[in-house]
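Residue strings, one per chain:
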Amino acid sequence: MTEAIAVIGAGIMGTAIATRLLEKGHKLIVSDLDAGKVAALVERGATAAANPQEATAASRFVILSLNHADIVNAVVFGKDGVAEAASGDKLLIDMSSIDPKATADMSRQLLSQTGMGWVDCPLSGGAPGAAKGRLTVMAGGTRDDFESARAVMDDLCANYTLMGPSGAGQTTKLINQLFCAVQFQAVAEAVKLAEAGGVDAASIPQALAGGRADSNIMQEFMGKFAARDFSPTGRIDNMLKDLDSLQSFALKTRTPLPMTGQVTEIHRLLVAAGLGPKDSAEMMRLLDGTTRPE
């Protein structure tokens, strides 16, 4: 069944999500401050909306793909925002990665003001996963809203799991980012160790496949890191944003995260060196002794 779906936020991830849903035959309405990004999706069959209110009015489902809780709040509750066209027969699906408490607070506010439900659906798998409909999505919200969102998520996800009430999806995403950030650093260090020992680092994933050290991140990224392939798959500054949220959550809950703290500071160094907009493979520059962006 095809649906009328708004996608608000047409960055790398939002564009991949929108493109996949267009390919599956859905009616897409897209809104973004960058007219060029909107135009590119219009060329693929989407309809442009002047603002989030207009996009929401024309849709049953509203997907957000944004960078920060403050931006989500402005898009939903600000002038010409989602809330101005919200109603109980619509559903907001927030695929951003933001603070769990902010998510729970905004979800309650939207429901009380408009009757519109909210499912937090942060993702893992990046743009390549969205393009293939193979995302892993960890959701927070009511069971009914979670099931309603399947009309959209079944075309985007290979793994779609309800983790608990509003905000639980975002908490689970923080755990996902903990694993990813620590493993990226481990892969970078393993590449350097292999090179120092005269071992072809690109052969390590095959050699360790199926063993306890094996992981999707090693299989996907070790060859990329070894080749100093800096083509974009994600941004270092976005990872730092998630790590800062993770550290803030840990501070509030008095959860010790010593290894995560070290990796957070490494990402902070990379951002300070001007590598924030670059791919995670750029962390090899730090270990190589050169941190100047190209």
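The numbers attached to residues start from 1 for each chain and follow its sequence in the written order. Selection of residues for local features in this predicted model requires a pLDDT of at least 70, selection of side-chain atom pairs for listing and counting requires 80 or more, and totals for whole chains, interfaces and linings are taken over all residues. Heavy atoms from the whole structure form the basis of all side-chain values; hydrogens and water molecules are not counted.

Undergrad: Any details on the overall build of the chain? Residues and values, ideally.
TA: For helices the rule is a DSSP run of H or I covering at least 4 residues; for strands it is a run of E covering at least 2, with both sets numbered from the N terminus onward. Check the secondary structure of the chain and you find 14 helices and nine strands. Taken against the 2.2 N^0.38 rule, which gives 19 Å for 294 residues, the C-alpha radius of gyration of the chain at 20 Å falls within 12% of a compact globule. With respect to the principal axes defined by its C-alpha atoms, the chain has extents near 60 × 45 × 35 Å. A burial count over the chain gives 50% of its 294 residues as buried. The long-range fraction of contacts in the chain, counting pairs at least 24 apart against all pairs at least 6 apart in sequence, stands at 66%. Radius of gyration: over C-alpha atoms. The globule rule applied is 2.2 Å multiplied by the number of residues raised to the 0.38 power. A simple rule labels every residue: compare its accessible area, found with a 1.4 Å probe on the protein chains alone, to the largest value its type can have, and call it buried under 20%, exposed over 50%, or partly exposed in between. In this analysis, two residues are considered to be in contact whenever any of their non-hydrogen atoms come within 4.5 Å of each other.

Undergrad: Help me get a handle on the packing of aromatic side chains, residues and values and all.
TA: Each aromatic pair joins two rings of Phe, Tyr and Trp (for Trp, the six-membered one) with centres within 6.5 Å, and gets the label stacked for planes under 30 degrees apart, edge-to-face for over 60, and tilted for any other angle. As enumerated under the stated definition, the model contains four aromatic pairs in all. Judged by centre distance (4.2 Å) and plane angle (20 degrees), the ring pair of Phe146 and Tyr160 falls under stacked. Remark: Tyr160 occurs in strand β9 (residues 157-164) and Phe146 occurs in helix α7 (residues 143-148); sequence separation between them is 14 residues. The exposure class of Phe146 is buried, given its relative accessible area of 2%. Residue class for Tyr160 comes out buried when judged on its relative accessible area of 10%. Seen from their ring centres, Phe184 and Phe221 are 5.0 Å apart, and the 85 degrees between their planes marks the pair as edge-to-face.

Undergrad: Requested: an account of the pairing of strand β8 (residues 135-140), with residues and values cited.
TA: Look at any regular strand and the pattern is simple: side chains alternate between the two faces of the sheet. Burial within β8 is extensive, with five of its six residues counted as buried. Only when DSSP finds a minimum of two bridges between them are two strands counted as paired. As judged from the two bridges shared by strand β7 (residues 123-124) and β8, these two strands associate in the antiparallel manner. Its bridge partner lying in β8, Leu123 is registered against Val137. With six bridges connecting them, β8 and β9 associate as parallel partners. Opposite Gly140, over in β9, you have Gly164 as the bridge partner.

Undergrad: Lay out the pairing of strand β5 (residues 91-94) in plain terms, naming residues and giving numbers.
TA: Burial along β5 is two-sided: Leu91 and Ile93 facing one way and Leu92 and Asp94 facing the other are all buried. Of the pairings in the sheet, the one linking strand β4 (residues 61-64) to β5 comprises four bridges and is parallel in character. Residue Val62 lies in a different strand from β5, and its bridge partner there is Leu92. Look down the strands so they point away from you; if going from the first strand over the helix to the second traces a clockwise path, that crossover is right-handed. Of the crossover connections in this fold, the one passing from β4 over helix α4 (residues 69-77) to the parallel β5 is right-handed.

Undergrad: Just give me the short version of the pattern of salt bridges, but keep the residues and values in it.
TA: Definition used for salt bridges: Asp or Glu carboxyl oxygen within 4 Å of a side-chain nitrogen of Lys or Arg. Going through the model one piece at a time under the given rule, you end up with 16 salt bridges. Note that Arg150 is salt-bridged to Asp154, the shortest N-O span being 3.6 Å. Overall, the relative accessible area of 48% leaves Asp154 in the partly exposed class. Through salt bridges with shared partners, one network takes in Arg143, Glu147, Arg150 and Asp154.

Undergrad: Could you give an account of the packing of helix α9 (residues 168-196) against helix α12 (residues 236-253), naming the residues involved and the relevant values?
TA: A pair of packed helices is characterised by two quantities: the angle between their axes and the separation of those axes. Across the interface, α9 lies against α12 with an axial gap of 9 Å and an inter-helix angle of 120 degrees. Taken together, the axis directions place α9 and α12 in an arrangement best described as oblique. Pair α9 / α12 crosses with left-handed handedness. Contact residues: α9 offers Thr171, Leu174, Gln177, Leu178, Cys180, Ala181 and Phe184, while α12 offers Met239, Asp242, Leu243, Ser245, Leu246 and Phe249. Residues were grouped as follows: Ala, Val, Leu, Ile, Met, Phe, Trp, Tyr, Cys and Pro as nonpolar; Asp, Glu, Lys and Arg as charged; and all remaining residues, including Gly, as polar. Among the residues forming the contact of α9 with α12, the class breakdown is nine nonpolar, three polar and one charged. The angle between two axes is taken between their N-to-C directions and runs from 0 to 180 degrees, where each axis is a line fitted to C-alpha atoms and a helix contributes only its stretch in contact. Each angle receives one of four descriptions, namely roughly parallel if under 35 degrees, roughly antiparallel if over 145, roughly perpendicular if within 65 to 115, and oblique otherwise. With the far helix as reference, a near helix turned anticlockwise by less than a right angle produces a left-handed crossing, and one turned clockwise produces a right-handed crossing.

Undergrad: Please give an account of α9 that cites residues and values.
TA: Each α-helix turn comprises 3.6 residues. Residues three or four places apart therefore point the same way. Every helix has an expected span of 1.5 Å times one less than the residues it contains. In this model α9 runs 43 Å from its N-terminal to its C-terminal C-alpha over 29 residues, within 8% of the 42 Å that 1.5 Å per residue would give. Gly198 occupies a position one or two residues after α9 and carries a positive phi of about 75 degrees.

Undergrad: How would you explain the environment of Ala104 if you had to name every residue and give the values?
TA: Checked against the element boundaries, Ala104 lands in helix α5 (residues 100-114). By relative accessible area, which is 13% here, Ala104 ends up buried. Each C-alpha atom of the pair Ala104 and Met1 lies 30 Å from the other, and the pair is 103 residues apart in sequence.

Undergrad: An account of the side chain of Thr172 is needed here, citing residue identities and associated values.
TA: Along the chain, Thr172 turns up in helix α9. Those residues in contact with Thr172 that lie beyond four places of it in its chain are Met138 and Met163.

Undergrad: Describe the state of the cysteines, with residues and values.
TA: Disulfide: a pair of cysteine sulfur atoms within 2.5 Å of each other. Per the counting criterion, the structure on display carries zero disulfides. Free cysteine: Cys157, not disulfide-bonded; nearest cysteine sulfur from Cys121 at 7.3 Å.

Undergrad: Can you break down the side chain of Thr103 residue by residue, with the values?
TA: One can find Thr103 in helix α5. Given a relative accessible area of 0%, Thr103 falls into the buried group.

Undergrad: Break down the environment of Asp120 for me, with residues and values.
TA: With respect to the helices and strands, the residue Asp120 is situated in strand β6 (residues 117-120). The buried category is assigned to Asp120, whose relative accessible area is 0%. Once the C-alpha coordinates of Asp120 and Ala139 are considered, the two residues, 19 residues apart in sequence, prove to be 5.4 Å apart. Beyond its immediate stretch of four places on either side in the chain, Asp120 contacts Asp94, Thr103, Met138, Ala139, Gly140, Gly141, Ser166, Gly167, Ala168, Gly169 and Gln170.

Any link to function would need more than the numbers given here.
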